[in-house]
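Remarks on the overall topology
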Amino acid sequence: MQTLIRGADISSLPELEWHGGSLRCDGQLVDGLALLQQAGLNAVRIKVWNDPGHPDHFPANQTGPQAFNGPAQVLALARRAQAAGLQIMLDFHYSDWWADPAKQFMPHAWQGLGLPAVCEQLYQFTYDTLRQLHAAGVEVSWVQVGNEISHGMVWPLGFLPGNWPALAALLRAGIAAVRAAAPQSQVVLHLDAGCDQHLYRHWFDQAAALDVHWDIIGLSFYPCWHGALPHLAENLAMLAERYACPLLVVETAYPRMLDPQRNVQWLLQHTGAEPYPATADGQAQFLWALGQVLRAVPHGRGQGVFYWEPALLPLPDGSRGVWQNATLFADDGEALPSLAALGSL
């Protein structure tokens, strides 16, 4: 049977730990990275922000002075992950804060520069970050050049629709940096809306026509927003045949609880078209079904999945509660059966 990548985005873990939070297995405190490995996971995903926490610039100032997700924090977390025996994916947002289909804020240090200068800055930031990890003995298996870039990245220069030549130049710069700094790493280009065949076909046809060369196509698939597993399967089959490259679901999640009185405070407010209950067992059933979909991708090109932020638990001050019902850990940090299900795919 095909061995899948069984991963999780654990970018929020250092912030949880800094606030005194911890993860547990059978009531015992366990290092978070070691716990994931013991549960059967074999990879982690870590996002990279350029200059988070800078007090004088928006949106960098939306996070604190600890600069979580900045290069120094990323290096420390990646070293821990490698020591735990986990493969590593780096996810460059090319922003000082969150980048997703609704927002792709240019790093404050690049603002006011023209396209050639921004391409150079993007190349150098990517190259320097990867070389710092290499110097520390950290091997990166995959590198995402941009995060959920269905509508482009580094806005306004790389905004879609309308700026494909500029976006392609930015992508080529990032990819060139990966090839130079970490030639063993595979380049992932990542879109959201994992069931949307038209989006993926149009986007990757355009990228290929503009001399953008990737290794892996990454997809986000959240049933709450994107559709049902059969539609994901159809898109994966199309991509496998059309582009003949490996495919990764680099973001997914499923709710472990729903409550009519509390749903408004959570991002995942229903289960979409999936039949599985909003419980830890339902999460496990969803993940097993997703694993079956990935194994059925033509030519063995469905390589695996990364669950998005299974440990994004609320902090003592009540912040971060929007993901409370989608974690693979209970509110007290105890690992749920759904974590073991992910590790068993």
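Residues numbered from 1 in each chain as written. Predicted model: local features only at pLDDT ≥ 70, side-chain atom pairs only at ≥ 80, totals over all residues. Heavy atoms only, no water.

Moving on, we come to the layout of surface pockets. The rolling of a water-molecule-sized probe over the atoms marks out the regions of remaining empty space. In this structure, the largest pocket encloses a volume near 890 Å³. Lys-47, Trp-98, Leu-267, Trp-308 and Leu-312 are the residues nearest the centre of the largest pocket, which is lined by 40 residues in total. Where the lining of the largest pocket is concerned, the elements lending two or more residues are helix H1 (13-18), strand S4 (43-48), strand S6 (99-100) and helix H7 (223-226). Residue composition of the lining of the largest pocket, by class: 16 nonpolar, 12 polar and 12 charged. (1 Å grid on protein atoms, 1.4 Å probe; cavity = no way out; pocket = protein on both sides within 12 Å on 5 of 7 lines; lining within 4 Å. Points joined across faces, edges and corners; volume = space filled by probe spheres on them. Helix = DSSP H or I, 4+ residues; strand = E, 2+ residues; numbered from the N terminus. Nonpolar A, V, L, I, M, F, W, Y, C, P; charged D, E, K, R; others polar.)

This part takes up the packing of aromatic side chains. Within the structure shown, the criterion is met by 24 aromatic pairs. Between Phe-92 and Phe-125 the ring centres are 5.9 Å apart and the planes differ by 85°, which places this aromatic pair in the edge-to-face class. Here Phe-92, found in strand S5 (residues 87-92), pairs with Phe-125, found in helix H4 (residues 115-135); they are 33 residues apart in sequence, far enough to count as distant. On the basis of relative accessible area, Phe-92 is assigned to the buried category, the value being 0%. Taking the centre distance of 6.0 Å and the plane angle of 10° together, the rings of Tyr-123 and Tyr-127 count as stacked. Highlighted residues: Tyr-123 and Tyr-127, both in helix H4, separated by four residues, approximately one helical turn. (Phe/Tyr/Trp six-rings, centres within 6.5 Å; stacked < 30°, edge-to-face > 60°. Buried < 20%, exposed > 50% of the residue type's maximum accessible area, 1.4 Å probe, protein only.)

For the structure on display, the rule yields two cavities of 30 Å³ or more. One number sums up the size of the largest cavity: a volume of about 40 Å³. Looking at the lining of the largest cavity element by element, the count peaks at three residues for H4. In terms of residue class, the lining of the largest cavity is built from six nonpolar, two polar and one charged. The volume enclosed by the second largest cavity comes to roughly 30 Å³. Ser-11, Pro-14, Ile-46, Lys-47, Asn-69, Gln-73, Val-74 and Leu-77 are the residues that line the second largest cavity. Residue assignment for the lining of the second largest cavity shows that the elements contributing at least two residues are S4 and helix H3 (71-83).

We now examine the state of the cysteines. Applying the stated rule across the entire model yields zero disulfides. Cys-195 provides the cysteine sulfur closest to Cys-224, a residue in no disulfide bond, and the two sulfurs are 13 Å apart. (Disulfide = S-S within 2.5 Å.)

In this section: the pairing of S4. S4 sits mainly inside the fold: six of its six residues count as buried. With burial as the criterion, each face of S4 is covered, one bearing Ala-43, Arg-45 and Lys-47 and the other bearing Val-44, Ile-46 and Val-48. When strand S1 (residues 5-9) meets S4, the two strands line up parallel, connected through three bridges. In the sheet register, Asp-9 faces S4, and the bridge partner there is Arg-45. For S4 and S5, the ladder comprises six bridges, and the chain directions are parallel. Bridge assignment links Val-48 to a residue of S5, and that residue is Phe-92. (Pairing = 2+ DSSP bridges.)

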